[in-house]
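The lines below spell out each chain.
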Amino acid sequence: MYGLVNEAVRNLVITNAGEDTWNQIRTKAGVEVESFSRMDQYPDDLTYRLVGAASEVLGAPADAIMEQFGEFWIRYTGREGYGHLFDIAGNSFRDFLFNLDALHTRVGDNFKDLRPPSFKCEDVNEQTIRMHYLTERPGLCPMVLGLLRGLADHFETEVFVEHPVCSRTGGEHCEFLLTMPHANR
Ligand code: 1DX
């Protein structure tokens, strides 16, 4: 993944736990560098190791760390130079979700090594969207939960998230049901 992702992890850890804890985590993960170059590629494995090491050092489940990371990613990219993506991709929670694949296509036009996930959305009813999360990276669904919470927060939209199908428990891919009780699209 692009270094931007690992930089976001680093920023989240330093903000919440400080520089010393970050150095502990990256050492445990076997990461030699102190920080990452945003537009360079790093092995996915490195990111997984950072999550695992953060889980051990902070004494929190890896799933909780991934969820927190997802939420942080929205704020981080919004303020670190990618805010325009949020403006382009729609001015509501619903529009943004339906435009996510287009957003990734756009980012991928500029950054050829992007291997984006796909989020396919369908309306179930006025208040409910079913979202199919397709990815080549296994086990990251808690991160998606956090991304959704971060997005809902960004758009000040109340949302209830269910995860009725999960690839970890034998599902073909993960599915999320998003209910927005105040929606009238
Ligand atoms: F709900 O792969 C809302 O490297 C969402 O399953 C979900 O393959 C917002 F300059 C610049 C760059 C850089 C901008 F090239 C990425 F460095 C991308 C900014 C998306 C904002 C996907 C990051 C693939 C890297 C992936 C979890 C889990 C998607 C991370 C979140 C908006 C982004 O993101 C999986 C890679 C951006 C950039 C956004 C992502 C790669 C998302 C979301 N993904 C790189």
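Numbers given to residues run from 1 along each chain, matching the order in which its sequence is written. A pLDDT threshold of at least 70 governs which residues receive local features in this predicted model, and a stricter bar of 80 or more applies before side-chain atom pairs are shown or counted, although totals over entire chains, interfaces and linings include all residues. Note: side-chain values were computed over all heavy atoms of the structure, leaving out hydrogens and water.

## Some words on the packing of helix α3 (residues 44–58) against helix α4 (residues 62–79)
Look at α3 against α4: their axes get within 9 Å of each other, and the N-to-C directions meet at 115 degrees. By the angle between their axes, α3 is roughly perpendicular relative to α4. α3 and α4 meet at a crossing whose hand is right-handed. Listed contacts from α4 to Val51, Ala54, Ser55 and Leu58 of α3 are Ala62, Ile65 and Met66. Considering only residue class, the contact of α3 with α4 consists of six nonpolar, one polar and no charged. Between N-to-C directions, angles span 0 to 180 degrees; the directions come from axes that are lines fitted to C-alpha atoms, helices contributing only their stretch in contact. Numbering of helices and strands runs from the N terminus; a helix is a DSSP stretch of H or I covering at least four residues, while a strand is a stretch of E covering at least two. Roughly parallel refers to an angle under 35 degrees, roughly antiparallel to one over 145, roughly perpendicular to one between 65 and 115, and oblique to any angle outside these ranges. The handedness criterion is simple: a crossing whose near helix is rotated anticlockwise from the far helix by less than a right angle is left-handed, and one whose near helix is rotated clockwise is right-handed. Whether two residues touch is decided by their heavy atoms; if any such pair falls within 4.5 Å, the residues are in contact. Under the convention adopted here, Pro, Cys and the residues Ala, Val, Leu, Ile, Met, Phe, Trp and Tyr are nonpolar, Asp, Glu, Lys and Arg are charged, and Gly plus all remaining residues are polar.

## Section: helix α6 (residues 93–110)
Its 18 residues place the ends of α6 25 Å apart at the C-alpha level, agreeing with the 26 Å of an ideal helix rising 1.5 Å per residue. At asparagine 99, α6 shows its maximal kink, close to 55 degrees. Every buried residue of α6 is accounted for by Phe93, Phe96, Leu97, Leu100, Leu103, His104, Val107 and Gly108. Next to the buried residues of α6 lie α5 (83–88), β1 (118–125), β2 (128–134), α7 (141–154) and β4 (174–179). By this rule the span expected of a helix is its residue count minus one, scaled by 1.5 Å. The angle between axes fitted to the seven residues ending at a residue and the seven residues starting there is what we call the bend at that residue. Per-residue accessibility, obtained with a 1.4 Å probe over protein chains only, is compared with the maximum for each type, and a residue is labelled buried under 20%, exposed over 50%, and partly exposed between these values.

## As for empty space enclosed by the protein
We place a 1 Å grid over just the protein atoms. Points where a 1.4 Å probe fits but has no way out form a cavity, open points with protein on both sides within 12 Å along at least 5 of 7 lines form a pocket, and any residue with an atom within 4 Å of a point lines it. Grid points are joined across faces, edges and corners, and a volume is the space filled by probe spheres set on the points. Under the criterion given, the structure shown has one cavity of 30 Å³ or more. By volume, the largest cavity is sized at about 40 Å³. Lining the largest cavity we find Met1, Asp44, Thr47, Tyr48, Val51, Met66, Leu140 and Met143. Ranked by the residues each element gives to the lining of the largest cavity, the list is headed by α3, at four residues.

## A closer look at the environment of alanine 64
Inspection of the secondary structure puts alanine 64 in helix α4. When the C-alpha atoms of alanine 64 and methionine 143 are compared, they prove to be 8.6 Å apart, with 79 residues separating the residues in sequence.

## Remarks on α4
The end-to-end C-alpha distance of α4, which contains 18 residues, comes to 25 Å, matching closely the 26 Å that a straight helix rising 1.5 Å per residue would cover. Residue phenylalanine 72 marks the point of greatest curvature in α4, where the axis turns by about 30 degrees. On its buried face, α4 sits against α1 (3–17), α3, α5 and α7. With its phi angle positive at about 105 degrees, glycine 81 sits one or two positions after the end of α4.

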